[in-house]
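One-letter residues, chain by chain:
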Amino acid sequence: MADKFFRLLRLLQLVPRTPKSIDTERIEAVLTSEGTHSTLRTIQRDLVQLERMGFGLECVDQSKPYRWRFGAKADVVMAPGLD
């Protein structure tokens, strides 16, 4: 359970504000390089969960791979880096 919490928190840190965005493959690569091994599908599910929780995430699905960003009107999420 703690692993999922920290993974969700890290996802919030990795997703940029609009107009920038990040795709799930890049997120997977960053997490893997940091020692957090998650499948691409798990990351996709986590992002959808965070979107539904009202964090202001948007999925840019006009092309694949889908990209994620915080919308222009999204509240700032304070998620400082973890050591």
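This is a predicted model, so every value here is computed, not measured.

*Asks:* Before we go on, may I ask you to explain the pattern of salt bridges in this structure?
*Replies:* Once their charged atoms are close, side chains differing in charge can pair, the charge on each being opposite to the other. Applying the stated criterion to the full structure yields four salt bridges. Notably, a salt bridge pairs Asp46 with Arg7, separated by 2.5 Å at the nearest N-O pair. One end of the pair, Asp46, is in helix H3 (residues 40-52); the other, Arg7, is in helix H1 (residues 2-14), and 39 residues separate them in sequence. Note on accessibility: Asp46 and Arg7 belong to one class, buried.

*Asks:* What is the right way to read the packing of helix H2 (residues 24-33) against H3 from this model?
*Replies:* Axis angle and axis distance: for two packed helices, these are the angle between their axes and the distance between the axes, and together they describe the pair. Closest axis-to-axis distance for the H2/H3 pair is 10 Å, and the angle between their directions is 110°. Taken as axis vectors, H2 and H3 run roughly perpendicular relative to one another. When the axes of H2 and H3 are compared, the crossing they make is right-handed. Together, Thr24, Glu25, Ile27, Glu28 and Leu31 of H2 and Leu40, Ile43, Gln44 and Leu47 of H3 make up the contact between the two elements.

*Asks:* Whenever I open this one, H1 confuses me. Can you help?
*Replies:* Between its terminal C-alpha atoms H1 stretches 18 Å, which fits the 18 Å expected from 13 residues at 1.5 Å a residue. Considered for burial, the residues of H1 that qualify are Arg7, Leu8, Leu9, Leu11, Leu12, Gln13 and Leu14. Of the surrounding secondary structure, the elements contacted by the buried residues of H1 are strand S1 (22-23), H2, H3 and strand S3 (67-70).

*Asks:* Would you mind showing me how to read the layout of surface pockets here?
*Replies:* The probe, sized like a water molecule, is rolled over the atoms to show the empty space still left. Reported here for the second largest pocket is a volume of approximately 230 Å³. What lines the second largest pocket is simply Thr24, Glu25, Leu40, Arg41, Gln44, Val48, Glu51, Cys59, Lys64, Pro65, Tyr66 and Trp68. When residues of the lining of the second largest pocket are traced back to their parent elements, those giving at least two are H2 and H3. Among the elements that make up the lining of the second largest pocket, the one with the highest residue count is H3 (five residues). When grouped by side-chain class, the residues that make up the lining of the second largest pocket number six nonpolar, two polar and four charged.

Calculation criteria
Residues numbered from 1 in each chain as written. Predicted model: local features only at pLDDT ≥ 70, side-chain atom pairs only at ≥ 80, totals over all residues. Heavy atoms only, no water. Salt bridge = Lys/Arg side-chain N within 4 Å of Asp/Glu carboxyl O. Helix = DSSP H or I, 4+ residues; strand = E, 2+ residues; numbered from the N terminus. Buried < 20%, exposed > 50% of the residue type's maximum accessible area, 1.4 Å probe, protein only. Axes fitted to C-alpha atoms, helices over the stretch in contact; angles between N-to-C directions. Parallel < 35°, antiparallel > 145°, perpendicular 65-115°, else oblique. Left-handed = near helix turned anticlockwise from the far one by under 90°. Contact = heavy atoms within 4.5 Å. Expected span 1.5 Å × (residues − 1). 1 Å grid on protein atoms, 1.4 Å probe; cavity = no way out; pocket = protein on both sides within 12 Å on 5 of 7 lines; lining within 4 Å. Points joined across faces, edges and corners; volume = space filled by probe spheres on them. Nonpolar A, V, L, I, M, F, W, Y, C, P; charged D, E, K, R; others polar.

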